[in-house]
Amino acid sequence: MTLLDLRDIRFAYPGHPPVLDGASLRLAPGQRLSLTGPNGSGKSTLLRIIMGLQAPDSGTITAFGTSRSKEADFHELRRRVGLVFQDPDDQLFCPTVAEDIAFGPLNLGRSRDEALAIVDKVLDDLDLMHLKGRITHKLSGGEKRLVTLAAVLAMEPEALLLDEPTNALDTKNEARLLEILCALPQAILLVSHAPSFRAALAPEALELRDGRLVPV
Amino acid sequence: MAHALGHREATLSEAGDSDRAGIIGALDPRLRIVMACLFGTVTVALTSLPALCAALATALLLLAASRLPPVPTLKRMAMMDGFILFMLVLLPFSVPGPPIVTIWGLTASWAGLWQAVEIALTANAVILALMVLVGTLEPVTLGHALHRLRCPETLVHLLMFTIRYIEVLREEYLRLRGAMKVRGFRPGSNWHTYRSFGYLVGMMLVRAIERSERILGAMKCRGFSGRLLLMQDFALTRRDRVVGAAMTALCLGLLLLDTL
Amino acid sequence: MHIVDGALSNAVVLGGGIAAAGGIAMGLRSLDIDRIPTAGVLSASFFVASLIHVPIGPSSVHLILNGLAGLLLGWAAFPALFVGLLLQAVFFGFGGLTVLGINTLNIALPAMLAWLIFGRLIGRGTPGQGALWGGLGGGFAIAGTTAMVALSLALSGDAFLPAAKLVFFAHLPVMVIEALLAGFAVLLARKVKPELFTRNAIA
């Protein structure tokens, strides 16, 4: 089964030439795929379209065998696909790390105790237990990145979309992140400008060129 | 508020450092908020000079018990005095009563002087107690405690979002200011300055709105269903009860002293 | 332009507190849950904007920008500005505790009125016309706040009349500056994000 299947996606911001002009993409379970392309070529837009945060002008999105077009169609998709945002400050909005990680599971209908158990498990898995009670806005850049990943993993997604995950990370934290990601079972769609990171995590790559995705 | 903050100081992140909060830091945050409100209300109700002096002394004692650095804290308090100074100076001249002195045909009265002193004592005692009791809390803990004190949930969430993003936006502001500075911008009283500052403010607001759109997107991606939960709990210890009772007794004592 | 504890009469403090509570309640009702992030981030940015010192002659003033807050937030300006005042009092010792209500009312009511009067106008016409209305809204809000602060003092006793007058006249230049800044801020926003004001605030 294909996790994600995008066909012929077209999208333009009002008053601008199209950024996506017939982009197609398939992601299979466990597959690791990189997206490359210059700044402003529409990589982040594509991720937002997959998550249903932006509607394409035309084209189809099929996820887990179901076609998705309306807002309600994307509710289930968002439970099964996790997007890690480029700027951790956009994603970590809760006062404390524990509350932020619990936010997703609570939305999935878990009870408070179940959510807290998930928080403990995810933090333990990523070896981040020491951050549990910390205030989110006081975390370092590297810590913020790892906590955003934990917050997404807490929802047990089947696929991960990563938007420039190594932005503003030092080499040590980058290595740590790579180690964690490589050990995950999930399919990964990676947007990154760092060639070494792409080569290590997801060597198979598509380039976004003139609004289309072409194999590299 | 700008005046209370040096350029290098962080906005809220240095405010609450629980390690150094001493006796007061160990108290239940809810109790600290309630006590600050009780003390504030009682102090505003006081009218006699001895009672007001006692109230200020109480606030100073709280400061001593808090292990807050006394000098910067008192400086912040004094900063507020700077702002009300002109009002206090005017009062002796505008309240009728037995004269003290006449300057340029204006007569200062004892009654007006007392009123000015009263206001100064009240304002300083209340704000100092507030800073010591509540200002030593981690801002996030303040939000949690207000939630447990049954503040409307929407208001608490609004407070939490504000606290969360002040530092992020301030860094954004400092980056924009830095970018202006390195291109030779030096503020003065001129059209160019006001236009540049206006653009700066406009840019900050546009970026803030765009950021809030991304935040909402991130919330939706994690299945946001219109519910936000706050999880921190507090428990009153025996010590909290004792301190609470002592503070209440002290406030009653102030009221009693006032009637003497 | 914050009033401190102990300066005002009980009637003014109490009345201000009740009116502010009403305004905050109205504002909270206008905020459904997915507008809280926008209101919170805006409230934080107004907090940060109040750090900006703008030179004026030999001195400098810090900004209040309640007009812009009102234009963007509508009724929600009440809770947003209250949160700012609460944080300023608690963590910076600025303003006071028992006067939080009256201070909120003095700052937020003119902001909300600016939205009622100028809110629809700033999204219309050319960006320049929008900026003009935005500037008028900004100047109106700060003038309203100054008048209300002066009124709060005057209502508390005749002895405060000289101080009340002084507050008002000392702030005349501030009104001009806030109006200019609000105007240019709207001009920029209309140019870079035209849809911002056509959605008619978030409230």
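Treat the numbers as computed from the prediction; the structure is a model and nothing was measured. (Residues numbered from 1 in each chain as written. Chains lettered and ligands numbered in written order. Predicted model: local features only at pLDDT ≥ 70, side-chain atom pairs only at ≥ 80, totals over all residues. Heavy atoms only, no water.)

Trainee: With reference to specific residues and values, describe the interface of chain B and chain A.
Mentor: Between chain B and chain A, the contact holds 31 residues from the first and 32 residues from the second. Joining chain B to chain A, the criterion identifies seven salt bridges. Linking Lys138 of chain A and Glu138 of chain B is a salt bridge whose minimum nitrogen-to-oxygen distance equals 2.9 Å. Among the secondary structure elements, those contributing two or more residues to the side of chain B that touches chain A are α6 (139-148), α7 (153-182) and α8 (191-221) of chain B. With eight residues, α8 of chain B is the largest single contributor of residues to the side of chain B that touches chain A. Classifying every residue of the side of chain B that touches chain A gives 15 nonpolar, seven polar and nine charged. (Contact = heavy atoms within 4.5 Å. Salt bridge = Lys/Arg side-chain N within 4 Å of Asp/Glu carboxyl O. Helix = DSSP H or I, 4+ residues; strand = E, 2+ residues; numbered from the N terminus. Nonpolar A, V, L, I, M, F, W, Y, C, P; charged D, E, K, R; others polar.)

Trainee: Give me the lowdown on the sheet that holds strand β2 (residues 20-27) of chain A, citing residues and values where you can.
Mentor: Residue and element names in this part refer to chain A. Spatial strand order, β2-β1-β4-β5: four strands in an open sheet with antiparallel pairing. On the outer flanks of this sheet lie β2 and β5 (66-68), each paired with one strand and no other. Pairs of neighbouring strands in the sheet enclose a mean axial angle of 25°, with direction left out of account. Alignment of strand β1 (residues 4-11) against β2, held across six bridges, turns out to be antiparallel. Among the inter-strand pairings, Leu4 is bridged to a residue of β2, identified as Leu27. (Pairing = 2+ DSSP bridges. Axes fitted to C-alpha atoms, helices over the stretch in contact; angles between N-to-C directions.)

Trainee: Would you mind going over the interface of chain C and chain B in detail, with residue names and values included?
Mentor: Counting residues at the interface gives 72 residues for chain C and 80 residues for chain B. Taken together, the two surfaces of chain C and chain B that pack against each other cover about 6700 Å², and 84% of this comes from carbon and sulfur. At the surface where chain C touches chain B, the tally comes to two salt bridges. Note that Lys193 of chain C is salt-bridged to Glu213 of chain B, the shortest N-O span being 3.6 Å. Counting the contacts that link chain C with chain B gives six residue pairs in polar contact (both at pLDDT 80 or more). Considering every element that reaches the side of chain C that touches chain B, the biggest residue donor is helix α2 (residues 36-49) of chain C, with 14 residues. (Buried area = accessible area lost by both parts, 1.4 Å probe. Polar contact = N/O pair within 3.5 Å; in protein donor to acceptor, adjacent residues only side chain to side chain.)

Trainee: Tell me about the packing of aromatic side chains, and name the residues and values.
Mentor: Residue and element names in this part refer to chain B. A full pass over the atoms with the stated rule returns 14 aromatic pairs over all chains. Ring geometry for Phe161 versus Tyr165: centroids 6.5 Å apart, planes at 15°, classification stacked. Here Tyr165 and Phe161 lie together in helix α7, a separation of four residues that amounts to about one turn. In this pair, the class of Phe161 matches that of Tyr165, namely buried. (Phe/Tyr/Trp six-rings, centres within 6.5 Å; stacked < 30°, edge-to-face > 60°. Buried < 20%, exposed > 50% of the residue type's maximum accessible area, 1.4 Å probe, protein only.)

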